[in-house]
Amino acid sequence: RDQRLRWVVLGSFAVRLLVAVVLYASSYWRWPLLSSLQLGKGFWIFGLDSRAYDYFGRIVAESWAKGFELPKPEIGFEYIAFVAGWYRLLGAHPLGPIVAGCWLAALNGLLAYLIGRKLAGHRAALLGATLVGFWPSSLLWSSQLLKDPLSWSLLFAAFWLAVRAGP
């Protein structure tokens, strides 16, 4: 109900989405923005796992469609399954799961608010939501095809459930 919280969550999503699209486009079209860190095709050196998630996500999505045996990637299968499911349902483009990651990361501000309000009151909760929503490294990681936003969301949800269940 708090307008400020709404602005924090939606503002965080907008900033994350802007960073994601600018970084993706910069690398994809080789714009002169941090050129030495670009890997091309929308990927960056600081998000090396992104290429692997995209690659294996495409292979797994195709395997599901054609009934082939699934590959056994060494980087773990959980997030690859998320990416492959997204690709299978909505099309194989890295920006899809990136946008989902931006949204999940922005919603972490709401979860931080709920945790903070229960433990420390409204003002502290709003400050916590703002810090979580606009933490610089969080903005960067959520702009890449990485499992971090999903992991953070699961952790925040677990913390919120634990705090909610307590006295």
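Structural data are supplied above this passage.
Model, not experiment: these values are computed from the prediction.

Asker: I'd love a proper account of the packing of helix α3 (residues 78-90) against helix α4 (residues 95-120), names of residues and values included.
Answerer: Contact geometry for α3 and α4: axes closest at 9 Å, N-to-C directions at 115°. The chirality of how α3 crosses α4 is right-handed. Of the residues in α4, those touching α3 at Tyr79, Phe82, Val83, Trp86 and Tyr87 are Gly96, Pro97 and Ala100. For the contact of α3 with α4, the class distribution of residues is 7 nonpolar, 1 polar and no charged.

Asker: Can you tell me about the packing of aromatic side chains, naming the residues and giving the values?
Answerer: Per the counting criterion, the structure on display carries 9 aromatic pairs. Taking 5.3 Å as the distance between ring centres and 85° as the angle between the ring planes, the aromatic pair formed by Tyr28 and Trp29 counts as edge-to-face. By relative accessible area, Tyr28 is classed as partly exposed at 43%. Consider the rings of Trp44 and Phe46, whose centres lie 5.4 Å apart with planes at 20°: the pair is stacked.

Asker: Please provide a residue-by-residue account of the packing of α4 against helix α5 (residues 122-134), values included.
Answerer: Two elements in contact, α4 and α5, have axes whose closest approach is 7 Å; the angle formed by their N-to-C orientations is 155°. With respect to each other, α4 and α5 are oriented roughly antiparallel. Between α4 and α5 lies a crossing of right-handed hand. Along the contact surface, α4 presents Asn108, Gly109, Ala112, Tyr113, Gly116, Arg117 and Ala120, while α5 presents His122, Ala124, Ala125, Leu126, Gly128, Ala129 and Val132. Class assignment of the residues belonging to the contact of α4 with α5 gives a composition of 8 nonpolar, 5 polar and 1 charged.

Asker: I'd love a proper account of the nonpolar core, names of residues and values included.
Answerer: One broad rule of soluble globular proteins: the nonpolar side chains tend to lie buried together. Counting residues in hydrophobic clusters, the biggest one holds 15 residues, and the most contacted among them are Tyr53, Tyr79, Val83, Tyr87, Ile98, Cys102 and Leu145. Among the secondary structure elements, those contributing two or more residues to this core are α1 (3-28), α2 (49-66), α3 and α4. Top element by residues in this core is α3. It accounts for 5 residues. Counting residues in each nonpolar core, the second largest holds 9 residues, with Val8, Val9, Tyr113 and Ala125 among its members.

Reading guide: rules and limits
- Residues numbered from 1 in each chain as written.
- Predicted model: local features only at pLDDT ≥ 70, side-chain atom pairs only at ≥ 80, totals over all residues.
- Heavy atoms only, no water.
- Axes fitted to C-alpha atoms, helices over the stretch in contact; angles between N-to-C directions.
- Helix = DSSP H or I, 4+ residues; strand = E, 2+ residues; numbered from the N terminus.
- Left-handed = near helix turned anticlockwise from the far one by under 90°.
- Contact = heavy atoms within 4.5 Å.
- Nonpolar A, V, L, I, M, F, W, Y, C, P; charged D, E, K, R; others polar.
- Phe/Tyr/Trp six-rings, centres within 6.5 Å; stacked < 30°, edge-to-face > 60°.
- Buried < 20%, exposed > 50% of the residue type's maximum accessible area, 1.4 Å probe, protein only.
- Parallel < 35°, antiparallel > 145°, perpendicular 65-115°, else oblique.
- Core = buried A, V, L, I, M, F, W, Y, C linked by side-chain atoms within 4.5 Å.

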